[in-house]
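Understanding the architecture of this molecule
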Amino acid sequence: MEDHHKKMQSDSCDPDRPTHPGTFPTCEAGRSDHQPAERSVDFPVSVVLPAGGHRERTGLQTPKQFCLFMGRPLISYTIQAFERVSWIQSIVVVVAREHMDLMTDIVQQFQHTKVRVVPGGSTRHRSIYNGVLALGEEGRLVADKPKVVLIHDAVRPFVEEDFLYKIAMAAKEQGAAGAIRPLVSTVIATTSEGYLDHSLERAKYRASEMPQGFTYDVIYQAYQKCSESDFEFGTECLHLALQYCGTNAKLIQGPPTLWKVTYKRDLAAAESIIKDTLSRSACAITGGSAQAVTLAGALQEAVGALNMLHLGGPDVSNGRIWLSRAGLGPRDRLGSVSVSVDRLIGAIPLRWPELAVIPDLTGENGWYLLKDWNFIQVSVNRSCLSEVEALLTDLEAAKQALLHPLVVILVLLSGSDELSVSGRAVEPEAIMDLASAAKLRNILLYGIQLHQSKRDYVIFRMVAHLSCLAHNKTAGNTCSVPCKERLERSTRRSDAGSLAAINHGQARFHAHRSHTSSHSRPDPEQTVLRGAGRILYY
Ligand SMILES: Nc1ccn([C@@H]2O[C@H](COP(=O)(O)OP(=O)(O)OP(=O)(O)O)[C@@H](O)[C@H]2O)c(=O)n1
Ligand SMILES: O=P(O)(O)OC[C@@H](O)[C@@H](O)[C@@H](O)CO
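Anyway, here's the lowdown on the structure attached to this text. (Residues numbered from 1 in each chain as written. Chains lettered and ligands numbered in written order. Predicted model: local features only at pLDDT ≥ 70, side-chain atom pairs only at ≥ 80, totals over all residues. Heavy atoms only, no water.)

What to know about the site of ligand 1
Spelled out, the test is: Near is defined per residue: the residue qualifies when any heavy atom it owns lies within 4 Å of the molecule or strand. For this analysis, a polar contact is any N or O atom pair within 3.5 Å, provided that within protein one partner can donate a hydrogen and the other can accept it, and provided that sequence-adjacent residues contribute only side-chain to side-chain pairs. To measure how exposed things are, a 1.4 Å probe is used in the Shrake-Rupley method; for residues, cover is taken only from the protein chains shown. Each helix corresponds to a stretch of at least 4 residues labelled H or I by DSSP, and each strand to a stretch of at least 2 residues labelled E; elements are numbered beginning at the N terminus. Amino acids are sorted into nonpolar (Ala, Val, Leu, Ile, Met, Phe, Trp, Tyr, Cys and Pro), charged (Asp, Glu, Lys and Arg) and polar (every other residue, Gly among them).
Close to ligand 1 lie 19 residues, the nearest being P50, G52, R57, S127 and K260. Within the backbone of P50, a nitrogen or oxygen atom sits 2.8 Å from an oxygen atom of ligand 1. Side-chain polar atom of K260 to an oxygen atom of ligand 1: 2.7 Å apart, as the coordinates give it. Bound to the protein, ligand 1 loses 90% of the 560 Å² it would expose on its own. Secondary structure elements with two or more residues in the shell around ligand 1: β2 (45-51) and α3 (124-135). Within the shell around ligand 1, the residues separate by chemical class into four nonpolar, eight polar and seven charged.

Side note on the site of ligand 2
Taken together, R57, R124, D153, R156, S208, M210, Q212, T235, E236 and K260 form the complete shell of residues around ligand 2. A distance of 2.6 Å separates an oxygen atom of ligand 2 from a polar side-chain atom of R57. One of the backbone nitrogen or oxygen atoms of T235 is found 2.7 Å away from an oxygen atom of ligand 2. Considered on its own, ligand 2 offers 370 Å² of accessible surface; in the complex 76% of this is hidden by protein. Residue composition of the shell around ligand 2, by class: one nonpolar, three polar and six charged.

Section: helix α4 (residues 161-174)
Applicable threshold: Expected helix span is taken as 1.5 Å per residue step, with the number of steps being one fewer than the number of residues. Here, residues are in contact when the closest pair of their heavy atoms is within 4.5 Å.
Taking 1.5 Å of rise per residue, the 14 residues of α4 would be expected to cover 20 Å, and the 20 Å separating its terminal C-alpha atoms lies within 8% of that figure. Structurally, α4 contributes buried residues whose contacts are with α1 (74-83), β7 (148-151), β8 (176-182), β11 (206-215) and β12 (250-253). Immediately downstream of α4, the backbone of G175 shows phi near 100 degrees, a positive value.

Description of the packing of aromatic side chains
Each aromatic ring pair is specified by the distance between its two centres and by the angle formed by the two planes. Selection rule: Side-chain rings of Phe, Tyr and Trp (the six-membered ring for Trp) are treated as a pair once their centres are within 6.5 Å; stacked means planes under 30 degrees apart, edge-to-face means over 60, and tilted covers the remaining angles. Categorising residues by exposure relies on relative accessible area from a 1.4 Å probe, with only protein chains included: less than 20% of the type maximum marks a residue as buried, more than 50% marks it as exposed, and the intermediate range marks it as partly exposed.
Taken as a whole and assessed by the stated rule, the structure comprises six aromatic pairs. A centroid spacing of 5.3 Å and a plane angle of 25 degrees characterise the contact between Y129 and Y223, whose relative ring orientation is stacked. On the criterion of sequence distance, the pair formed by Y129 in helix α3 and Y223 in helix α5 (residues 216-225) is long-range, its members being 94 residues apart. Judged on exposure class, the residue Y129 and its partner Y223 are both buried. Measuring from centroid to centroid gives 5.5 Å for F158 and W259, while their planes differ by 45 degrees, and the two rings are tilted.

Notes on the packing of α3 against α5
Test applied: The axes used here are C-alpha line fits, helices contributing only the stretch in contact, and every angle between their N-to-C directions lies in the interval 0 to 180 degrees. To sort the angles, those under 35 degrees are grouped as roughly parallel, those over 145 as roughly antiparallel, those from 65 to 115 as roughly perpendicular, and the leftovers as oblique. Helix crossings are classified by the rotation of the near helix relative to the far one: an anticlockwise turn of less than a right angle makes the crossing left-handed, while a clockwise turn makes it right-handed.
Across the interface, α3 lies against α5 with an axial gap of 10 Å and an inter-helix angle of 130 degrees. Here α3 is positioned oblique relative to α5, judged by the angle of their axes. For the pair α3 and α5, the sense of crossing is left-handed. Of the residues in α5, those touching α3 at H125, I128, Y129, V132, L133 and L135 are Y216, I219, Y220, Y223 and Q224. Each residue belonging to the contact of α3 with α5 can be placed in one class, and the counts come to nine nonpolar, two polar and no charged.

So, helix α8 (residues 264-278)
Residues that lie three or four places apart on an α-helix share one face, since the helix turns once every 3.6 residues. The terminal C-alpha atoms of α8 lie 22 Å apart, and with 15 residues this matches the ideal 21 Å at 1.5 Å per residue to within 8%. Tucked into the core, α8 has its buried residues touching β3 (68-69), α1 and β18 (374-379).

Quick word on the environment of P211
On the secondary structure map, P211 appears in strand β11. Remark: the alpha-carbon pair of P211 and L150, spanning 61 residues in sequence, is separated by 6.5 Å. Residues contacting P211, with those up to four places away along its chain left out, are I151, H152, V159, F163, L164, I167, G178, A179 and L258.

Here's the deal with the pattern of salt bridges
Rule in force here: Definition used for salt bridges: Asp or Glu carboxyl oxygen within 4 Å of a side-chain nitrogen of Lys or Arg.
Applying the stated criterion to the full structure yields nine salt bridges. Residue K145 pairs with D217 through a salt bridge whose shortest N-O separation is 3.9 Å. Pair noted here: K145 is in the loop between α3 and β7 and D217 is in helix α5, with a separation of 72 residues, a long-range link. Taking the shortest distance from any N to any O, the salt bridge between E209 and R156 comes out at 2.7 Å. Here the residue E209 occupies a position in strand β11, and R156 occupies one in the loop between β7 and α4, the gap between them amounting to 53 residues. When its relative accessible area of 6% is taken as the criterion, R156 is described as buried. It is possible to trace a salt-bridge network through shared partners that takes in R124, D153, R156 and E209.

What about the nonpolar core?
The condition that has to hold: We define a nonpolar core as any set of buried Ala, Val, Leu, Ile, Met, Phe, Trp, Tyr and Cys residues linked to one another through side-chain atoms lying within 4.5 Å.
Counting residues in each nonpolar core, the largest one holds 40 residues, and the members touching the most others are F69, L361, F375, L395, V408 and I443. Residue contributions to this core peak at six residues, all from helix α12 (residues 384-398). Not counting the four nearest positions on each side in its chain, I443 is found in contact with L392, L395, A401, L406, V408 and A438. Within the second largest apolar cluster, 36 residues are counted, among which are V93, V159, F163 and I167.

Regarding unusual backbone geometry
Cis rather than trans, the peptide bond between M210 and P211 has omega equal to 10 degrees. The backbone phi angle of Q111 is positive, close to 50 degrees, even though this residue is not glycine. Along the chain, the position of Q111 falls in the loop between α2 (100-109) and β6 (115-119). With a phi angle near 60 degrees, K114 is a residue other than glycine that sits in the positive phi range. Within the fold, K114 resides in the loop between α2 and β6. The class of K114 is partly exposed, set by a relative accessible area of 26%.

Written out as structure tokens, the structure is:
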């Protein structure tokens, strides 16, 4: 007989095959050129984020919800994940009384909307109850009262809209719904003397995770009726709904990203995921010029090829990968470059599953301002700095740089005539000045000047630089990319780290020409630049 008390609905993902380690989905997985599917939720949904904990298990001075990642508190990432969901009307953040001012400052600094801050209690249940009460406070418009309340630990920053939608819809239908994950360890019961009493059959049990969802009336009644012991020692809201309202929660298996930051090691894991996510997509802006579109297309193809490799994709013959230039047949390879697979994988920190190419950021393309965190401005004319200034203005208006560093890479395509006189189409000082101003706005500007080379080996190297820059974009991180010879040597060691040796604060670049080009210029010129505003010349 089916166990009707535990309706389990497995999520689309296979529980034994975790999806990609937690990322901050900025839109539905997959193609970046589609806006996230708008979901129709025809009832008001609000959120309670319990954040009133005192961090005993991390052993840190700072409560884990306020620990900084890329200059931003963990709780701000969680709030942002909910703010992005258009069908969520309000968010109540519950913090300890002594953190009320701090939390208010965070809301203001990162310009969070939809957020109210209320004081927590001595236990998690008390904090959650305070949040539920705040949502139904007398005096608030009845229309504001939510039909469904999502409850989610503030220290679980990797929450996905898809799953929130499933929990909210199930909660509306069933009265309560909760996230579950397969148990990793077996649960055993112990005797008072510390011996094994019995072991539970792991396959019959699941780990209860967050988010959970309840109709407002169910969670309000549950807390109204529960005991002091529940408030003091309980850890499970679904149990309160069953115990005090007779509401059987629908259980939905969620992705592995639902984990909770609990111990100090979880902070390191969270930081790694946040960094990985922020460098996972890029948008090339071409201004519509044919040359820029060709270059951006080649870059897109090169990145795609690299990622195909990374994902074990096909397309390598005899252990070698051919990078083909956009729009040309397979025979027209990118220059005559063939790079052995191991050197390619070892040589480039592969980070971009997607590189969108658009002419500008107007109209529907404005959406990319809210999604991407790496922008490549491809320009073919000398007025490129005004294009970059316009992009920086758009990014500032979109307020994304408030939340984490953004990377803008100017790729200036210049023909031989622009270079013949000054050797550069744009003076480095002009870019450095612009970069210094941008850095004050948490935007890191880099410059790459690309000579119209006959041999396109440089595009491969440019891909190396772009992915390295975007991957190591945290303020102060720089990557020094050795010149070709050192690149050859380092990739023979097929160690990405040796290619992108990280020097903090100062970058030493070797400007160079593609050595195979019949137009190769004089010996590599060494340019020492500080901070953002680095310029690479090809
Ligand atoms: N009195 C409390 C205790 C916990 N929480 C929140 O409930 C969530 C899950 O709790 P937990 O991971 O245990 O956080 P802490 O209580 O801070 O951790 P510890 O148990 O190690 O002290 C966290 O977002 C925490 O801030 C809360 O709002 N009020
Ligand atoms: O005990 P903690 O406060 O760390 O965790 C609280 C909740 O996250 C935990 O009980 C989930 O299993 C959801 O019920």
